[in-house]
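Structural overview
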Amino acid sequence: DLARIKPQLPCYYHPHPVYDHFGEALPKEEAKARLGLDPTKRTLLFFGLIRGYKGLDLLLEAFKHLPADYELLVAGEVYGDEAPYRQQVAGHEAEARTHLHLRYIDDQEVPLFYSAADLNVLPYRSATQSGILAVALHFEVPVVATDTGGLREVVEQADIGLIAPSTEPGAIAGAIQQFFRDKAPEAMAANIRAYKDSHSWKEMARQIGSFTAKLGSGQH
């Protein structure tokens, strides 16, 4: 965006660093038990403030395409009317497997929700970068995301999940199933840890310092 507005300006790009202030993860079995989740099912997580562009409605529709061994955990405050989201799953078979925590989530609760998750889904209609992705990486939870903003660059280059081919619910559901079919959890965990090491806040600060030093010396 900056390059389009002011192409003559020197520019430095760094992906959103991984958040590291939410504390440690809980044992997955404990987290699922506290949230009333079935430990035998795969838990999908949608997390964060719920606005239209974040595509929760797309995920709720996609979830209807998934078999009974999946559960969906939604945690976040709705900006607007929450009724349409509840109505979207009401009366459907997937309703019993959909756990809606439509409220403000305090920082102290974040580890509970992420510790219960097997996969974080980001079905965004639009985005630049994502703070939610940074939280997922802190807790070493892989992601399935839509192809918007800088999400593809992070997810594919670091190999920490999959990008859905479109925002169509069927495409999102297909990417989720492909992830569990094709991606090894051990490999995902190793890839995420490697990404965390190279994308800390300290490393971003170091690189910004290096960039500004070059500006001052006329080396840009």
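Notes on the structure in this doc start here.

Considerations on the side chain of Thr43
Within the secondary structure layout, Thr43 lies in strand 1 (residues 42-47). In this structure, Thr43 is in contact with Lys32, Leu37, Glu71, Leu73, Ala116, Ala117, Asp118 and Leu119, ignoring residues within four places of it in sequence.

Here's the deal with helix 9 (residues 185-198)
Here helix 9 is 14 residues long and its end C-alpha atoms lie 20 Å apart, about the 20 Å a rise of 1.5 Å per residue gives. Every buried residue of helix 9 is listed here: Met188, Ala189, Ile192 and Tyr195. Taken end-on, helix 9 shows its buried residues confined to a sector of 125°, consistent with a single buried face. Looking at helix 9, the residues exposed on the side facing more than 90 degrees away from the buried face are Glu186 and Asp197.

Quick look at the sheet that holds strand 6 (residues 161-164)
One open sheet accounts for six strands, arranged 3-2-1-4-5-6; its pairing is parallel. At either end of the open sheet lies a strand with only one pairing partner, and these are strand 3 (98-101) and strand 6. Neighbour-to-neighbour, the strand axes of the sheet open up by a mean angle of 20°, direction not taken into account. Examined bridge by bridge, strand 4 (residues 119-122) and strand 5 (residues 143-146) share three bridges and lie parallel to one another. Paired with Asn120 across the two strands is Val143, which belongs to strand 5. Helix 3 (residues 56-63) contacts strand 1, strand 2 (70-75), strand 3 and strand 4 of the sheet and is inclined by roughly 165° relative to strand 2. Against the sheet, helix 6 (residues 131-138) touches strand 1, strand 4 and strand 5, its axis set at about 175° to strand 4.

Concerning the pattern of salt bridges
Tallied over the full model, the rule gives 17 salt bridges. A salt bridge links Asp57 to Arg125, with the shortest nitrogen-to-oxygen separation between them at 2.7 Å. Placement of the pair is Asp57 in helix 3 and Arg125 in the loop between strand 4 and helix 6, with a sequence separation of 68 residues. Residue classification places Asp57 among the partly exposed positions, given a relative accessible area of 23%. Given the relative accessible area of 40%, Arg125 is considered partly exposed. Across the salt bridge formed by Arg152 and Asp147, the nearest N and O atoms sit 3.0 Å from each other. With relative accessibility at 44%, the residue Asp147 sits in the partly exposed group. Taken together, the shared-partner salt bridges connect Lys28, Lys32 and Asp118 into one network.

Conventions adopted
Residues numbered from 1 in each chain as written. Predicted model: local features only at pLDDT ≥ 70, side-chain atom pairs only at ≥ 80, totals over all residues. Heavy atoms only, no water. Helix = DSSP H or I, 4+ residues; strand = E, 2+ residues; numbered from the N terminus. Contact = heavy atoms within 4.5 Å. Expected span 1.5 Å × (residues − 1). Buried < 20%, exposed > 50% of the residue type's maximum accessible area, 1.4 Å probe, protein only. Arc of directions from axis to C-beta. Pairing = 2+ DSSP bridges. Axes fitted to C-alpha atoms, helices over the stretch in contact; angles between N-to-C directions. Salt bridge = Lys/Arg side-chain N within 4 Å of Asp/Glu carboxyl O.

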